[in-house]
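Overview (structure and organization)
Here are the chains, one letter per residue:
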Amino acid sequence: MGKNKLAKFAEMETFPHVLQYPFARLQQEAFPLRGHWREDFFHNDRPIVLELGCGKGEYTVGLGELYPEKNFIGVDVKGARIWTGAKASHEAGMTNVAFLRGEIESLTSFFAPGEVDEIWITF
Ligand SMILES: C[S@@+](CC[C@H](N)C(=O)[O-])C[C@H]1O[C@@H](n2cnc3c(N)ncnc32)[C@H](O)[C@@H]1O
């Protein structure tokens, strides 16, 4: 694995708005924010919008800028891709954007029924 990728992975661990729960971790522990994203993470009652397979997160960050009255979560399994959007939103101080590194197949472990208002799939 390249040094650059390792540096991105290390930096991802420091971002408070990045949750990393690939399948192997989910086998060990329950995802703590399921059903509690609004009160425990975003600290508001605003709608939650997902972008599935967000890649570098351009749409997640862009939509977050356009619609500050909504909460956006980019989901992707590839940490090195998520890093781009995670870094940009962190540096911009955005409070309505989060990233979740995990498999889309685990979506029902990440969100309770009715918790998500909107889903974008941009490819
Ligand atoms: C074609 S890219 C699209 C990226 C972005 N949405 C865009 O439009 O630029 C597809 C993305 O889906 C992610 N992906 C594919 N299967 C996935 C899965 N099962 N769970 C999470 N992410 C997945 C890949 O890692 C990749 O970043």
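Preceding block: the structure.
Calculation notes
- Residues numbered from 1 in each chain as written.
- Predicted model: local features only at pLDDT ≥ 70, side-chain atom pairs only at ≥ 80, totals over all residues.
- Heavy atoms only, no water.
- Helix = DSSP H or I, 4+ residues; strand = E, 2+ residues; numbered from the N terminus.
- Buried < 20%, exposed > 50% of the residue type's maximum accessible area, 1.4 Å probe, protein only.
- Near = heavy atom within 4 Å.
- Polar contact = N/O pair within 3.5 Å; in protein donor to acceptor, adjacent residues only side chain to side chain.
- Areas by Shrake-Rupley, 256 points an atom, 1.4 Å probe, with all protein chains shown as cover.
- Nonpolar A, V, L, I, M, F, W, Y, C, P; charged D, E, K, R; others polar.
- Core = buried A, V, L, I, M, F, W, Y, C linked by side-chain atoms within 4.5 Å.
- Contact = heavy atoms within 4.5 Å.

So, on to unusual backbone geometry. Notably, His43 is not glycine yet its phi reads approximately 60 degrees, a positive angle. In this structure, His43 sits in the loop between helix H3 (37-42) and strand S2 (48-52). Accessibility expressed as a relative area gives 61% for His43, which makes it exposed.

Moving on: the site of the ligand. Taken together, 14 residues surround the ligand, and among them Gly53, Asp76, Arg81, Glu105 and Thr122 come closest. Taking Gly53, its main chain carries an N or O atom lying 2.7 Å from a nitrogen atom of the ligand. Take Glu105: an N or O atom from its side chain is 2.9 Å from a nitrogen atom of the ligand. Within the complex, the protein chains bury 69% of what would otherwise be the 600 Å² of accessible surface of the ligand. Looking at the shell around the ligand residue by residue, the classes come out as four nonpolar, four polar and six charged.

It is worth spelling out the nonpolar core at this point. With 18 residues, the main nonpolar core has Leu19, Phe31, Trp37, Ile73, Leu100 and Phe111 as its most contacted residues. Every element with two or more residues in this core is listed here: H3, S2, strand S3 (71-76), strand S4 (97-101) and helix H6 (107-110). Contacts of Leu19, omitting those with residues within four sequence positions, involve Phe31, Leu33, Trp37, Phe41, Phe99, Leu100 and Arg101. Counting residues in hydrophobic clusters, the runner-up holds 14 residues, among them Phe15, Ile82, Ala86 and Val97.

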